[in-house]
Structures are given as C-alpha cells and as structure tokens.
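Below, each chain spelled out in residue letters.
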Amino acid sequence: MPDVSIRDATRADVPGLYEMIVALAVYEREPHAVTGTTEMLAEALFGAAPVAEALIAEVGDDTGGFAIHYRTFSTWECTAGIWLEDLFVRETHRRAGIGEALLRHLAALAVQRGCARLEWAALSWNSPALDFYAKLGAERLEEWRMHRLDGAALQRVAGGRK
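Only a predicted model underlies this, so the values are computations on that prediction, with no experimental measurement involved.

*Asks:* Give a description of the overall build of the protein chain that names residues and reports values.
*Replies:* Scanning the protein chain from terminus to terminus reveals five helices and five strands. Ordered by position from N to C terminus, the α and β elements of the protein chain give β-α-α-β-β-β-α-β-α-α. For the protein chain, the C-alpha radius of gyration of 17 Å lies close to 15 Å, the compact-globule estimate for 162 residues. If you line up the protein chain on its principal axes, its C-alpha atoms span 55 × 35 × 35 Å. Across the 162 residues that make up the protein chain, the buried fraction comes to 30%. In the protein chain, 58% of the contacts between residues at least 6 apart in sequence involve partners at least 24 apart. Taken together, the 17 basic and 23 acidic charged side chains of the protein chain have centroids lying 7 Å from each other.

Next up, the structure:
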C-alpha cells in the first residue's frame, strides 16, 4: 500500500477539486447535476464566510481523492457534529486506503473539535461504499429518510404557497 497523506485544501486546489466533483457526479450517474462553478466552490470554501471545508488525499505527488465536510448541530446532544457531504477517490487510486484515511482523518477532527457525531449519506445502490462503511463500524440509520426542497418546490414553499 502506498503512503497516503491528508491535508487541508487550499485555494490552489479548487480546479482539481471541481474536476473530482464532476467525476463523482459521473460515478453517481448524475453528471448533469453539477451546476456550480469553480468560482462558487472557491467562495464556499475560501470566501469571506466559508460554509464548508475540504480535505485532499495525496499519494506521493498525485491527488487521489477528497472529502468535503461542514459543521452540523445536534439538538438532543446540544453539541456540534460534522457532516461529510462528499468523499471521492479517483478510480486509479481505489482500494489503496485513501477512503479509510480520509474517514479516519475526519473522525479525528470530530473528536478534536468535541463533536458528538460524524455523519453522511450513501446511495442505496453503492454496495462498495456501503460495505466499506459497515466494515469501519458505521451504523446505518435505516429509519431515517432524507428529504429535500429545491428548485420550484423550494421557491413555492419560501413564498408561502402549497
């Protein structure tokens, strides 16, 4: 296994991060869903009021993957958590320990920051990811169902219409 190092992303990483985000969308069978731009990503990660953080996994001089995460809050535990929005490993680097290194780094970050939880979602058809998370001991929360308002539905609800 090659040595994997994890570091915080910098503004210079934005083009490569964006490229991997597009590759993730292709892997998840939704390449058309990427509507953001590199400029928007740079602002979200490094602007005046960052809303997320990114980690870069490197194998030697090569970028092997990334994780984008942000802070959450548990009302029951009255403390912060970390939501892992996306974790991606380039196809050429899969099965080299990068995913595990990224998750371990995030878990350590959660502990260091006094967070109660590290949470994420995975697509139901992504068996390799689901098996990997189970192997790490992650609990699958079958009783919870994610919900989303976006597009016209978001606008309608925001406007007070049904």
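*Asks:* Report on the packing of helix H3 (residues 98–112) against helix H4 (residues 127–136), specifying residues and quantitative values.
*Replies:* The N-to-C vectors of H3 and H4 enclose an angle of 50°; their axes lie 12 Å apart at closest approach. By the angle between their directions, the pair H3 and H4 is classed as oblique. Our pair here, H3 against H4, has a crossing hand that is right-handed. In contact with Gly99, Glu100, Leu103 and Arg104 of H3, H4 contributes Phe132, Tyr133 and Leu136. Of the residues belonging to the contact of H3 with H4, the class tally is four nonpolar, one polar and two charged.

*Asks:* Outline empty space enclosed by the protein, listing residues and values.
*Replies:* Applying the stated rule across the entire model yields one cavity of 30 Å³ or more. If you add up the space inside the largest cavity, you get close to 40 Å³. If you go around the largest cavity, the residues you meet are Glu53, His69, Tyr70, Arg71, Gly81, Ile82, Arg113 and Cys115. For the lining of the largest cavity, the elements supplying multiple residues, two or more each, are strand S3 (62–74) and strand S4 (79–89). At three residues, S3 tops the list of elements feeding residues into the lining of the largest cavity. Considering only residue class, the lining of the largest cavity consists of three nonpolar, two polar and three charged.

*Asks:* Run through the packing of aromatic side chains, naming residues and quoting values.
*Replies:* Note on aromatic pairs: each is described by the distance of the centres and the angle between the planes. Enumeration according to the criterion identifies four aromatic pairs in this entry. Both rings, one in phenylalanine 132 and one in tyrosine 133, keep their centres 5.5 Å apart while their planes meet at 50°; by these two values the pair is tilted. Here the aromatic cluster, defined as three or more aromatic residues joined through ring pairs, consists of Trp120, Phe132 and Tyr133. Its guanidinium or amino end placed over the ring of tryptophan 125, arginine 29 lies 3.7 Å from that ring's centre, counting from NZ or CZ.

*Asks:* Tell me about the side chain of histidine 93, and name the residues and values.
*Replies:* Looking at the secondary structure, you find histidine 93 in the loop between S4 and H3. Of note is the side chain of histidine 93, whose polar atom sits 2.6 Å from the side chain of aspartate 62. Among residues more than four places away in sequence, those in contact with histidine 93 are Val59, Asp62, Thr63, Gly64 and Ile98.

*Asks:* Give a detailed account of the sheet that holds S3, specifying residues and quantitative values.
*Replies:* If you trace the five strands from one edge of the open sheet to the other, you get S1-S2-S3-S4-S5, paired in mixed fashion. This sheet does not close on itself; its edge strands, each paired only once, are strand S1 (4–8) and strand S5 (118–120). Put simply, the sheet's adjacent strands are angled 30° from each other on average, direction ignored. Relative to strand S2 (residues 53–59), S1 runs antiparallel, the two sharing five bridges. Following the sheet pairing, serine 5 is matched in S2 by glutamate 58. Contacts from H3 reach S1, S2, S3, S4 and S5 within the one sheet, and its direction differs from that of S4 by about 165°.

Criteria and cut-off values
- Residues numbered from 1 in each chain as written.
- Predicted model: local features only at pLDDT ≥ 70, side-chain atom pairs only at ≥ 80, totals over all residues.
- Heavy atoms only, no water.
- Helix = DSSP H or I, 4+ residues; strand = E, 2+ residues; numbered from the N terminus.
- Rg over C-alpha atoms; globule rule 2.2 N^0.38 Å.
- Buried < 20%, exposed > 50% of the residue type's maximum accessible area, 1.4 Å probe, protein only.
- Contact = heavy atoms within 4.5 Å.
- Lys, Arg positive; Asp, Glu negative; His and termini not counted.
- Charge placed at Lys NZ, Arg CZ, Asp CG, Glu CD.
- Axes fitted to C-alpha atoms, helices over the stretch in contact; angles between N-to-C directions.
- Parallel < 35°, antiparallel > 145°, perpendicular 65-115°, else oblique.
- Left-handed = near helix turned anticlockwise from the far one by under 90°.
- Nonpolar A, V, L, I, M, F, W, Y, C, P; charged D, E, K, R; others polar.
- 1 Å grid on protein atoms, 1.4 Å probe; cavity = no way out; pocket = protein on both sides within 12 Å on 5 of 7 lines; lining within 4 Å.
- Points joined across faces, edges and corners; volume = space filled by probe spheres on them.
- Phe/Tyr/Trp six-rings, centres within 6.5 Å; stacked < 30°, edge-to-face > 60°.
- Lys NZ or Arg CZ within 6 Å of the ring centre and 35° of its normal.
- Polar contact = N/O pair within 3.5 Å; in protein donor to acceptor, adjacent residues only side chain to side chain.
- Pairing = 2+ DSSP bridges.

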